[in-house]
Structures are given as structure tokens and as C-alpha cells.
Amino acid sequence: MKLARFRHQDKVQIGVIANEQVYPTSQDPALPTDMLVLLPALEDLSHNLQVLAEKGQGIPLADVQLLAPVAQPEKFLGVGLNYADHIEETGLDTPEFPTIFNKQISCVIGPDDAIHRPRVSEKLDYEGELAMVIGKACRHVPYDQAHKVIAGYTIVNDVSVRDWQIKAPTWTLGKSFDTHGPMGPWIVTADAIDPHNLELKTWVNDELRQHSNTEHLIFDCYKLVETLSTVCTLKPGDVIATGTCSGVGVKMKPRGYMKPGDTVTIEIEGIGQLSNPVVEEPEDTVRF
């Protein structure tokens, strides 16, 4: 099942995607109209959602604007160096423990929204990634139970400003510029997908830059949930991007950084495509 946030006729709603239509949950009084309320109730409301997708009144996808499926996750976490091929291209050692960093939630944008090349750097890079969306508040989740707290999966572009990324060992600054967290196009519920056998591709314009499979994750989704929930309570709507494979722009010769006029598209098997244009940071972003 695919769950989306969308704007239609100036109203933001959530709904189920089926047959190139979106069915707003507002059509069923038993269904929440807020994604963060829906996610923890998915198991109990699955029948209602199925009936909605079969018998509800749909809106053509072409008539709506898809938004980031989670508008403001309490936590937006990333994982570095989590594919063997990416580690090889960086020349770094394989980590024995997950490398975790924060992306500030102000970076979140949706499908087709513009990625800004910041005025302070031209070293703007893409990272196509599978992301988990947490469905239940949880702590100390063992590996074999981790699948139960994941509501579903989406696509994230972990946009990175490489020179700012290395300014501090936490990486957070270089990962958190405004517009540098594209997410979407929707959430595919966990019952519909095997997160550890999905083909992943990233294009810049028509050039295929990344091509791998999530079976090559060093720390898989369930290990990441186990590790993170040992430290902190994970909440419904928290987003965990699981890392990128080889083919990033910084390792190309010459460098393959994104530039204004480019479009970056990420495709993950079983989920869909997330596409965003790149523009110069607009002058109106200055506020004080």
C-alpha cells in the first residue's frame, strides 16, 4: 500500500495511492487525516484503507502536488558508509559500528521541489537512499522484532555539500542545508516490500550515476533500528535514511557535482521515483 501527503485545490491531505489515483482519508470518518496519527494505527486501519482504495472517490495523480510524506519528522537521521562499494570508492575502512548523523528537519522538501545550490559552495552532491519511516514509539527493539516498528519505506536524496560536510566531524552542517532533504514520492507500507532486496538507481539528467541493491547494506534496516532504539526512543514519523552506494559525484573524475539546470532522479524498486531540479539559491532566502 502507498500512503501519500498531497496538495489539491490548496488543501493539504493524506491518502492512499492506487491505479494512478489518490484516495483522501477524509472520505472515511474512521481514518486519520494526519500522517503522524495514521502511521501508528496502520495495522488496525488496514481494512479501512483497502476499502477506501477500492471504493472511494479518487483524484487523478496528475491533478495533485505530491509532498514529502512526512512534513516534519522529529528525527531525520542518516547513515554513512553503509555500502561496501561506496566504502571502496572512498578509500575508507569498513566501519564496525553504524556511522550515524543528523539532518536538520528544515531541509525536507518533496517530489519536484527545487534543490538549492547554496551560495557558499559549488560542491553539491547527491546520494540516493532507501529510507525507513518509523510507525511506533519504541525503545530497546531487538533485531528480530525491528520489522514490527517500521511503518514503511520511502526514497531520500541525502543531498550533501561536501566542503561543509568535512568542516566538522559530525557531518551535520554539510547534510542540513535548506532543501537538501528531498523525500518521497510516498510511503510504501512495510508489508508490501522486502527492504533488503531492492534495486536502486540514481540519474543526473539522463546519465545513470548510481546502481546497486539494498542487499549490499552493511548494517541493514533492522540492525539500524536495534542500534538507534538502544540510545533513544524512536517516534512515529521518524525517518532513517540507510546510506548510499557508489557513484557519488565527489568521487567522479572530473567531479560530478550537481549544478543549476540539472535534474536528479532516484528510483528504488517497489517504491517509485523521486525527482528534483537543481537551481541557484534564490536571493529571497536571506531573512533577518
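Criteria and cut-off values
- Residues numbered from 1 in each chain as written.
- Predicted model: local features only at pLDDT ≥ 70, side-chain atom pairs only at ≥ 80, totals over all residues.
- Heavy atoms only, no water.
- Buried < 20%, exposed > 50% of the residue type's maximum accessible area, 1.4 Å probe, protein only.
- Helix = DSSP H or I, 4+ residues; strand = E, 2+ residues; numbered from the N terminus.
- Contact = heavy atoms within 4.5 Å.
- Polar contact = N/O pair within 3.5 Å; in protein donor to acceptor, adjacent residues only side chain to side chain.
- Pairing = 2+ DSSP bridges.
- Axes fitted to C-alpha atoms, helices over the stretch in contact; angles between N-to-C directions.
- Patch = residues over 30% accessible without salt bridge, like charges linked within 9 Å, V, L, I, M, F, W, Y side chains within 5 Å.
- Areas by Shrake-Rupley, 256 points an atom, 1.4 Å probe, with all protein chains shown as cover.
- Salt bridge = Lys/Arg side-chain N within 4 Å of Asp/Glu carboxyl O.
- Lys, Arg positive; Asp, Glu negative; His and termini not counted.
- Charge placed at Lys NZ, Arg CZ, Asp CG, Glu CD.

S.K.: Pulling in residues and values, what's your account of helix α6 (residues 221-231)?
M.R.: Inspection of α6 places Cys221, Tyr222, Leu224, Val225, Thr227, Leu228 and Ser229 among the buried residues, and these make up the whole buried set. Next to the buried residues of α6 lie β6 (76-80), β7 (99-102), β11 (128-134), β12 (150-157) and β17 (239-241). With a side-chain oxygen positioned 3.1 Å from the backbone nitrogen of Tyr222, the residue opening α6 is Asp220.

S.K.: How would you summarise the sheet that holds strand β15 (residues 199-204) if you had to cite specific residues and measurements?
M.R.: Taken in spatial order, the 5 strands make up an open sheet running β9-β19-β18-β15-β16, and their pairing is mixed. Both edges of this open sheet fall to β9 (115-117) and β16 (207-213), since each of them pairs with a single strand only. Each adjacent strand pair in this sheet contributes to an overall mean axis angle of 20°, direction not counted. The sheet contact formed by strand β18 (residues 263-268) and strand β19 (residues 272-280) spans 6 bridges and is antiparallel. Note on β19: the bridge partner recorded for Thr265 is Ser275.

S.K.: Mind laying out the environment of Ile266, listing which residues take part and the relevant values?
M.R.: In this structure, Ile266 sits in strand β18. Take Ile266: its relative accessible area is 0%, and that puts it in the buried class. C-alpha separation for the pair Ile266 and Gln27, spaced 239 residues apart in sequence, amounts to 32 Å.

S.K.: Give me a positive patch on the surface: which residues, what numbers.
M.R.: A contiguous patch of positive charge, built from Lys123, Lys251, Lys253 and Arg255, is present on the exposed surface. Note that Lys123 resides in the loop between β9 and β10 (124-125).

S.K.: Would you mind going over the pattern of salt bridges in detail, with residue names and values included?
M.R.: Tallied over the entire structure, the rule returns 14 salt bridges. Lys103 is the partner of Asp158 in a salt bridge, and the nearest nitrogen-oxygen pair spans 2.7 Å. Here Lys103 lies in the loop between β7 and β8 (108-109) and Asp158 lies in the loop between β12 and β13 (160-161), a separation of 55 residues in the sequence. A salt bridge links Arg119 to Glu281; the shortest N-O distance between them is 3.5 Å. A residue pair is termed long-range when its members are at least 10 positions apart, and Arg119 in the loop between β9 and β10 and Glu281 in the segment after β19 qualify at 162 residues.

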